[in-house]
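Listed below are the residues making up each chain.
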Amino acid sequence: PHVVLDHIKRESSRYGFATKNIGRGPAVHITFSISDDISKRNNAFFSNDQPHSANFYPFEESHYWYVDGGVLDDLKHNKDGYAYLYCFYSSQSSALLMTKVTIKRIVKEGNNVAYVVMENKFKEIKGVRI
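Draft legend 1. Structural view of the sheet that holds strand E5 (residues 61-68). One open sheet holds the three strands; their spatial order is E1-E2-E5, and the pairing between them is antiparallel. Every other strand in the sheet has two partners, leaving strand E1 (3-11) and E5 as the edge strands with one partner each. Across the sheet, the axes of successive neighbouring strands diverge by a mean angle of 30°, strand direction being ignored. Bridging between E1 and strand E2 (residues 14-21) involves eight bridges; their strand directions are antiparallel. From the neighbouring strand, valine 3 faces E2, where its bridge partner is asparagine 21.

Structure representation (structure tokens):
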């Protein structure tokens, strides 16, 4: 599996994540985090009324998985406006995988903030089985 964050859509005080599995195998126990620390992969990320994790078949996608605005707005952005999110998931063979998502903060007219997905980088976390 290869899980990507396709785009982020602002809806009121929340942001909707459009997420896809673009790989050939199922993605199991997909979670998001503001940290690349594996031990924090199960910390709450999405809004309280949203599921914490999901499973996607190959080529399945989700529109939208909502996160409270403060989660993204409070991220540490570098001087160019970039920040990082981490998507953790497992394959059917219990390999732990991670997608590092680069997002860019854009301030639009009227000080409205938007986030654009710039890059999704895949990585298998060696030596860890779920």
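Draft legend 2. How the structure looks around the nonpolar core. Residues Ile8, Phe17, Ile30, Phe32, Leu72, Leu85 and Ile103 are the most contacted members of the largest nonpolar core, which totals 26 residues. Per element, the largest residue contribution to this core is four residues, and it comes from strand E6 (residues 82-90). Discounting chain neighbours no more than four positions away, the residues touching leucine 85 are Leu5, Phe17, Ser33, Ile34, Phe45, Leu72, Leu75, Thr99, Lys100, Val101 and Ile103. Listed in part, the five residues of the second largest apolar core include Tyr86, Phe88, Leu96 and Ile125.

What counts as what
- Residues numbered from 1 in each chain as written.
- Predicted model: local features only at pLDDT ≥ 70, side-chain atom pairs only at ≥ 80, totals over all residues.
- Heavy atoms only, no water.
- Pairing = 2+ DSSP bridges.
- Helix = DSSP H or I, 4+ residues; strand = E, 2+ residues; numbered from the N terminus.
- Axes fitted to C-alpha atoms, helices over the stretch in contact; angles between N-to-C directions.
- Core = buried A, V, L, I, M, F, W, Y, C linked by side-chain atoms within 4.5 Å.
- Buried < 20%, exposed > 50% of the residue type's maximum accessible area, 1.4 Å probe, protein only.
- Contact = heavy atoms within 4.5 Å.

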